[in-house]
Each structure stands twice: as structure tokens, then as C-alpha cells.
Amino acid sequence: MRIVQLMLFYLAIILVGMALSWLSIALAIVAVIALAVIYHHIHILYRSSNMKLVDKLVKRRQKETIFAGLYAMTYGTKEERLYTMDAIIQRYKQPAIQYN
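Conventions used here
Residues numbered from 1 in each chain as written. Predicted model: local features only at pLDDT ≥ 70, side-chain atom pairs only at ≥ 80, totals over all residues. Heavy atoms only, no water. Phe/Tyr/Trp six-rings, centres within 6.5 Å; stacked < 30°, edge-to-face > 60°. Lys NZ or Arg CZ within 6 Å of the ring centre and 35° of its normal. Helix = DSSP H or I, 4+ residues; strand = E, 2+ residues; numbered from the N terminus. Polar contact = N/O pair within 3.5 Å; in protein donor to acceptor, adjacent residues only side chain to side chain. Core = buried A, V, L, I, M, F, W, Y, C linked by side-chain atoms within 4.5 Å. Buried < 20%, exposed > 50% of the residue type's maximum accessible area, 1.4 Å probe, protein only. Contact = heavy atoms within 4.5 Å. Axes fitted to C-alpha atoms, helices over the stretch in contact; angles between N-to-C directions. Parallel < 35°, antiparallel > 145°, perpendicular 65-115°, else oblique. Left-handed = near helix turned anticlockwise from the far one by under 90°. Nonpolar A, V, L, I, M, F, W, Y, C, P; charged D, E, K, R; others polar.

Asker: Before we go on, may I ask you to explain the packing of aromatic side chains in this structure?
Answerer: When we look at a pair of aromatic rings, we describe it by the centre distance and by the angle of the planes. Counting across every chain of the model gives one aromatic pair. Between Arg-91 and the ring centre of Tyr-92, over which it is positioned, the NZ or CZ distance is 5.6 Å.

Shown next, in the form of C-alpha cells:
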């Protein structure tokens, strides 16, 4: 009877270990996918010379104030540019951003 209990105990430990290893593999896969998505955006913003990709990214994210300012600088009128600059100044209180 003692051997059966011990065997079930070890089997439970092995199953828990396998579940944890599968969980860690799944987390690693999710982390790699997240890094790939983040790298794609960083590459477009900082290293890409393909202006079509940059333009597409700015158009998609123009609801955010920084990207709205970039979009207004390219396609907007003078009033829209001033409005977006005021919105950026109101949103971001850092002295470096307000100075620039």
C-alpha cells in the first residue's frame, strides 16, 4: 500500500513539473512574439528609411498626441499644427518636451 501511495505522489510531482515546463515554454513564446512586435515599431520609427512605412504608422496612430503632431506637421494647416502643439504641451509636462 505504501508503494502505491509513493508512486502516485511521484507521478503527481512529475505531472506538475511537466505542466510548469510547458507553461514556461508558452511564456517564452509569448515573450518572443511581444519582442518582435515591439522591435518592428522601433525599427520603423528609428532606423527605417522607408517613408511609406513611417507614414502608415503615423496615420494609424494619429489619435495619440505625439503622432497627431507629426501628422499635422506633414498634412495639416497652420491652425492644426498650433492646436496639436498646444495639446502636446498640455499632455506632457516634462520641461524638455515643453521647451522643444
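Asker: So what exactly am I meant to see when it comes to the side chain of Ser-48 here?
Answerer: Here Ser-48 is to be found in the loop between helix H1 (2-47) and helix H2 (51-60). Of the polar contacts made by the side chain of Ser-48, one reaches the backbone nitrogen of Asn-50; its length is 3.0 Å.

Asker: Just to check I follow, could you spell out the nonpolar core for this structure?
Answerer: Across soluble globular proteins, nonpolar side chains have a tendency to be buried as a group. Among the nonpolar cores identified, the biggest contains five residues, and these are Ile-44, Val-54, Leu-57, Val-58 and Phe-67. Setting aside residues no more than four positions away along its own chain, Ile-44 makes contact with Leu-53, Val-54 and Leu-57.

Asker: Before we go on, may I ask you to explain the packing of H2 against helix H3 (residues 65-75) in this structure?
Answerer: To describe two helices that pack against each other, one gives the angle between their axes and the distance between the axes. For the pair H2 and H3, interaxial distance at closest approach is 8 Å and the crossing angle is 120°. With respect to H3, the element H2 is oriented oblique. Seen along the crossing, H2 lies across H3 with a hand that is left-handed. Seen from H2, the contacting residues are Asp-55, Val-58 and Lys-59; seen from H3, they are Phe-67, Leu-70, Tyr-71 and Tyr-75. Each residue belonging to the contact of H2 with H3 can be placed in one class, and the counts come to five nonpolar, no polar and two charged.

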